[in-house]
Amino acid sequence: QVQLVESGGGLVQPGGSLRLSCTASGIIFSINAMDWYRQAPGNQREFVATITSEGSTNYVSSVEGRFTISRDDAKNTVYLQMSSLKPEDTAVYSCHTKAKRIGGTWPLDYWGQGTQVTVSS
């Protein structure tokens, strides 16, 4: 069983900060890249950030310089530190990986259930 569980969402004012967490089970976490995506109502799901097993990162341009993705392999957890938040950051944020499950044969896409981030005055 592969499970990705996000936490840390909530309501924050513009300019504020929030840290999201995603804890994985059922995969060998340390060898897999981890990603964050987001989806606002009426919009397509959008890539936000990725971190490789080596620690290299990449971001969508709209969050560059404001968001930081990091990982703690000892805790099987990936984080998204969000600062200088804007109303347009409001969305459901989901954790994603393409990985072989422990006991599996080939890699599949796995998604967490999502956590709501609302940026509003």
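Next up on the list: the state of the cysteines. Inspection of every chain in the model, using the stated rule, returns one disulfide. The residue that forms a disulfide with cysteine 22 is cysteine 95, at a sulfur-sulfur distance of 2.2 Å. Classification of the bridge connecting cysteine 22 and cysteine 95 rests on its S-S torsion, roughly -80°, and on that basis the disulfide is left-handed. Of this pair, cysteine 22 sits in strand E3 (residues 18-25) while cysteine 95 sits in strand E9 (residues 91-99); the two residues are 73 residues apart in sequence, bridging distant segments of the chain. The residues cysteine 22 and cysteine 95 share a single accessibility class, namely buried.

Time to look at the side chain of arginine 71. Note on placement: arginine 71 falls in strand E7 (residues 67-72). On the basis of relative accessible area, arginine 71 is assigned to the buried category, the value being 17%. Among the polar contacts listed, one links the side chain of arginine 71 to the backbone oxygen of phenylalanine 29, at a separation of 2.8 Å. In terms of polar contacts, arginine 71 uses its side chain to reach the backbone carbonyl oxygen of isoleucine 51, at 3.5 Å.

Each value, and the rule that gives it
- Per chain, residue numbering runs from 1 following the sequence as it is written.
- Reporting in this predicted model follows two pLDDT cut-offs: at least 70 for local features of residues, and 80 or more for side-chain atom pairs to be given and counted; totals over whole chains, interfaces and linings ignore these cut-offs and use all residues.
- Heavy atoms throughout the structure, all of them, feed into the side-chain values; hydrogens and water do not.
- When two cysteine sulfur atoms are found within 2.5 Å, that pair is recorded as a disulfide.
- Here a strand is any run of E in DSSP of at least two residues, a helix any run of H or I of at least four, and the numbering for each starts at the N terminus.
- Exposure is judged per residue with a 1.4 Å probe applied to protein chains only, and the accessible area is read against the type maximum: over 50% gives exposed, under 20% gives buried, and values in between give partly exposed.
- Residues adjacent in sequence count toward polar contacts only when both atoms are side-chain atoms; beyond that, a polar contact is any pair of N or O atoms within 3.5 Å, and within protein one must be able to donate a hydrogen and the other to accept it.

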